[in-house]
Amino acid sequence: MALSEGLPNWTDWDRAAFVVGCSLGIFGDSEAFTRIKWVFWTDNPLGNALHEVLLHLAAAGVLERREEPDERFRWSVQ
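What counts, and at which threshold
Residues numbered from 1 in each chain as written. Predicted model: local features only at pLDDT ≥ 70, side-chain atom pairs only at ≥ 80, totals over all residues. Heavy atoms only, no water. Buried < 20%, exposed > 50% of the residue type's maximum accessible area, 1.4 Å probe, protein only. Helix = DSSP H or I, 4+ residues; strand = E, 2+ residues; numbered from the N terminus. Contact = heavy atoms within 4.5 Å. Salt bridge = Lys/Arg side-chain N within 4 Å of Asp/Glu carboxyl O. Pairing = 2+ DSSP bridges. Axes fitted to C-alpha atoms, helices over the stretch in contact; angles between N-to-C directions. Lys, Arg positive; Asp, Glu negative; His and termini not counted. Polar contact = N/O pair within 3.5 Å; in protein donor to acceptor, adjacent residues only side chain to side chain.

Asks: So what exactly am I meant to see when it comes to helix 2 (residues 13-23) here?
Replies: Helical periodicity: at 3.6 residues per turn, an α-helix aligns residues three or four positions apart in one direction. Along helix 2, eight of the eleven residues are buried, which leaves the element largely enclosed by surrounding structure. By the burial criterion, the buried members of helix 2 are D14, A16, A17, F18, V19, V20, G21 and C22. Looking at the buried residues of helix 2, the elements they touch are helix 1 (3-6), strand 1 (11-12), helix 3 (33-36), helix 4 (38-41), helix 5 (45-59) and strand 3 (72-75).

Asks: For this particular structure, what's the right way to read the pattern of salt bridges?
Replies: Note on pairing: side chains with opposite charge can pair once their charged atoms come close. On inspection of all chains with the given rule, the structure shows four salt bridges. Between R65 and E71 there is a salt bridge, and its shortest N-O distance comes to 2.8 Å. By relative accessible area, which is 37% here, R65 ends up partly exposed. Judged by its relative accessible area of 16%, E71 falls in the buried class.

Asks: So what exactly am I meant to see when it comes to the sheet that holds strand 2 (residues 63-66) here?
Replies: Two pairing modes exist for strands in a sheet, parallel and antiparallel, and in both the strands are linked by backbone hydrogen bonds. With antiparallel pairing, the three strands of this open sheet are ordered in space as 1-3-2. Both outer strands of the open sheet, strand 1 and strand 2, are each paired with one neighbouring strand and no more. The pairing of strand 2 with strand 3 spans four bridges and is antiparallel. Its bridge partner being in strand 3, E64 is matched across the sheet by R74. Lying on the sheet, helix 5 is in contact with strand 2 and strand 3; it crosses strand 2 at an angle near 110°.

Asks: Can you help me understand the side chain of D14 in this one?
Replies: By the secondary structure assignment, D14 is in helix 2. Within the buried core, D14 has no salt-bridge partner, and the shortest N-O distance to an opposite charge, that of R15, equals 5.8 Å. There is a polar contact of 2.6 Å between the side chain of D14 and the side chain of W41. Once residues lying within four places of it in the same chain are set aside, the contact partners of D14 are F33, F40 and W41.

This is the structure in structure tokens:
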């Protein structure tokens, strides 16, 4: 799945990180977010790295980031 297709709307950071992982091939097409959400809800290298990817893509203008009321991301409409 292309990242632009996976994040067309504001998406909570954990699910957005899952979309990044899917687009990179880390998670398979049949993998369900609910089965691996622990990756994003615990302190571990993979979940932390995927969150960092989101932050870097937002800093580069590829994604938009909204911090309040919850951290969310979407594909940049520009």
